[in-house]
Amino acid sequence: MQDFLAYVVEESLNGRADKIRAKTIAMDVYGGSMSEMARRENVVRVDAGRLRRKLAEYYAADGHGEKTVFELPKGGYAPRITRSGSETAHPHFSELDASARALARPAVRIVGITILGCCAIAFLVSSTKQDVPTDLSVDGLSRDERSAIFDASPMRLQAVNLAHTGRDLIFPALEPARLDAALTIFQGAIENDDSYFGGHAGAAQVAATIAVLTSDVDLAQDMLNYADTQANRAIELAPEAGWSQAAMAWVKFAKGNWLEAIEFAQRARRLAPHDVHVLEFVSLVLLYSGSFEQVVEISEDALSKIELERGYVFQNAMGSAKFHMKDYEGAVSAFESVAEKGGPVGPVTVAYLMASHQMLGNKAEAQTLSEQLSREWPDSRVDALFEELFVDSKYGKDLSYAMRQANWKPPS
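Because the structure is a prediction, the values reported are computed rather than measured. (Residues numbered from 1 in each chain as written. Predicted model: local features only at pLDDT ≥ 70, side-chain atom pairs only at ≥ 80, totals over all residues. Heavy atoms only, no water.)

Caption draft 1: A look at the side chain of Arg-269. Tracing the sequence through the fold places Arg-269 in helix α12 (residues 258-271). Taking relative accessible area as the criterion, Arg-269 reaches 18% and is therefore assigned buried. Every residue in contact with Arg-269, bar those within four places of it in the chain, is listed here: Leu-279, Val-282, Glu-297, Ile-298 and Asp-301. (Helix = DSSP H or I, 4+ residues; strand = E, 2+ residues; numbered from the N terminus. Buried < 20%, exposed > 50% of the residue type's maximum accessible area, 1.4 Å probe, protein only. Contact = heavy atoms within 4.5 Å.)

Caption draft 2: Up close: the nonpolar core. Phe-253, Leu-287 and Tyr-288 are the most contacted members of the largest nonpolar core, which totals 100 residues. Other than its neighbours up to four places away in sequence, Tyr-288 contacts Trp-250, Phe-253, Trp-258, Phe-386, Leu-389, Phe-390 and Val-391. In terms of nonpolar packing, the next biggest core, distinct from the first, is built from 20 residues, Val-9, Ile-25, Ala-48 and Tyr-59 among them. (Core = buried A, V, L, I, M, F, W, Y, C linked by side-chain atoms within 4.5 Å.)

Caption draft 3: Representation of the packing of helix α10 (residues 217-237) against helix α11 (residues 242-254) in the model. Orientation of α10 relative to α11, taken along the N-to-C sense of each, is 155°, at an axis distance of 9 Å. The angle between α10 and α11 falls in the class roughly antiparallel. In the packing of α10 onto α11, the handedness of the crossing is left-handed. Contacts from Leu-224, Ala-227, Asp-228, Ala-231, Asn-232, Ala-234 and Ile-235 in α10 reach Ser-244, Gln-245, Ala-247, Met-248, Val-251 and Ala-254 in α11. (Axes fitted to C-alpha atoms, helices over the stretch in contact; angles between N-to-C directions. Parallel < 35°, antiparallel > 145°, perpendicular 65-115°, else oblique. Left-handed = near helix turned anticlockwise from the far one by under 90°.)

Caption draft 4: Structural detail: the packing of helix α7 (residues 154-167) against helix α8 (residues 176-192). α8 packs onto α7 with a crossing angle of 165° between their chain directions and a minimal axis gap of 8 Å. Here α7 is positioned roughly antiparallel relative to α8, judged by the angle of their axes. Pair α7 / α8 crosses with left-handed handedness. Contacts from Met-155, Gln-158, Ala-159, Leu-162, Ala-163, Thr-165, Gly-166 and Arg-167 in α7 reach Ala-182, Ile-185, Phe-186, Gly-188, Ala-189 and Asn-192 in α8. Across the contact of α7 with α8, the residue classes tally to eight nonpolar, five polar and one charged. (Nonpolar A, V, L, I, M, F, W, Y, C, P; charged D, E, K, R; others polar.)

Caption draft 5: A look at the side chain of His-277. Looking at the element boundaries, His-277 is found in helix α13 (residues 276-288). There is a polar contact of 3.3 Å between the side chain of His-277 and the side chain of Glu-280. (Polar contact = N/O pair within 3.5 Å; in protein donor to acceptor, adjacent residues only side chain to side chain.)

Caption draft 6: Just helix α1 (residues 2-13), in detail. In this model α1 runs 17 Å from its N-terminal to its C-terminal C-alpha over twelve residues, within 8% of the 16 Å that 1.5 Å per residue would give. The element α1 is largely enclosed, with a buried count of nine among its twelve residues. Buried residues of α1: Phe-4, Leu-5, Ala-6, Tyr-7, Val-8, Val-9, Glu-10, Glu-11 and Ser-12, and no others. (Expected span 1.5 Å × (residues − 1).)

Caption draft 7: Spatial organisation of empty space enclosed by the protein. The final tally for this structure, using the stated rule, is five cavities of 30 Å³ or more. Phe-171, Ala-173, Leu-284, Tyr-288 and Val-348 are the residues nearest the centre of the largest cavity, which is lined by 25 residues in total. Within the residue set of the lining of the largest cavity, elements represented by two or more residues are α9 (197-213), α13, α15 (313-324), α17 (347-360) and α19 (382-389). Here the lining of the largest cavity takes four residues from α15, the largest share from any one element. (1 Å grid on protein atoms, 1.4 Å probe; cavity = no way out; pocket = protein on both sides within 12 Å on 5 of 7 lines; lining within 4 Å. Points joined across faces, edges and corners; volume = space filled by probe spheres on them.)

Caption draft 8: Quick look at the environment of Ser-244. Tracing the backbone shows Ser-244 in helix α11. Considered as a pair, Ser-244 and Ala-201 are 43 residues apart in the sequence and their alpha carbons are 5.4 Å apart. Excluding residues within four positions of it along the chain, Ser-244 makes contact with Phe-197, Ala-201, Ala-234, Ile-235 and Ala-238. At 3.2 Å, the side chain of Ser-244 and the backbone oxygen of Ala-234 are in polar contact. A polar contact is formed between the side chain of Ser-244 and the backbone oxygen of Ala-238, at a distance of 3.0 Å.

Caption draft 9: The pattern of salt bridges, seen in detail. The full count for this structure, using the stated rule, is 18 salt bridges. Two residues, Lys-255 and Asp-228, come together in a salt bridge whose shortest N-O distance is 3.4 Å. Placement of the pair is Lys-255 in the loop between α11 and α12 and Asp-228 in helix α10, with a sequence separation of 27 residues. Put simply, Asp-383 and Arg-404 hold a salt bridge, and the shortest N to O gap is 3.0 Å. Within this pair, whereas Asp-383 is found in helix α19, its partner Arg-404 is found in helix α20 (residues 393-405), the two being separated by 21 residues in sequence. The buried category is assigned to Asp-383, whose relative accessible area is 1%. Overlapping salt bridges, with partners in common, bring together Asp-47, Arg-50 and Arg-178 in one network. (Salt bridge = Lys/Arg side-chain N within 4 Å of Asp/Glu carboxyl O.)

Have a look at this one:
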């Protein structure tokens, strides 16, 4: 989203605001082949909504005193800027002062982009704290605690900021570029301060995810070894942190140690019951172990206590759990709620929605979703993946059966 923001601002400063489209953002920011453009345009639309919310949250909190306000109005991708004391918003920057125009010049453009990047990191970190009541903190740190960390070591605070930014990039996990970016950020946090547990915990989670998803046996083993090392380091540095325990749970899951994975997951939840990122991995471990009632309980408990401004993976896990509990209407409701709130959306979401509608007898909706999955993720084998992920492959086969009933045909 930092690149997203920097790109649309730069394009506007260079007089190309009216040419910004989902397709141009998909090509210039997200990259990929032309065959992937339709799918990436959908990602652009979802991320645009997330960016709008994060900008609004940033200016309502830490950025309240900013003299220049960036917005991304609904209905398009051209940014709007409002300067303090000005009554007029300038959608295409045509009347900005010379200092703002200077951002467009190559000699100083990189400085402007760096400033925007720092701003983006600030609202990425601060936005999650807006999701919970004022006496709680998603990442376990209050503003005063952050100030205290800065006073002791600015490098430590930078490590904290990077690590918590990385957590927002992990999902949807079937996007390799997101995982690569998240791992790079966590490794940057470790480089800034090796003694901060969060960098190690996040790196462990991402590496274990790559190990689970890759078909490269050698890469999977390398990632598992790396993940195990990082998870143990996180536990060594902060055994009392829910994030450390959740990272170890995920690594144990990736290695096939189910009982240990569940034990660590349960402990992580007890230690950090309001950390939505911890709950994401806890819910996934319990989902794939077949503990569907617990997954639903975790999500419903969190939703009753935390005011969420966007959707999270633990809610998607609840949708999956409800499907396997044969509560197909509940599954549809859960997945659609996450999508509506700008949460992670990918082939898994579409597959479960397709299967749920098929089981409800909504054949037209199921057929439409089947076509979308084949068109936008033509190489996806969600069916095979879930048969491997569940401790009991029966659950993956149930999903696969419903998908095929909706006329979805796996790629050859």
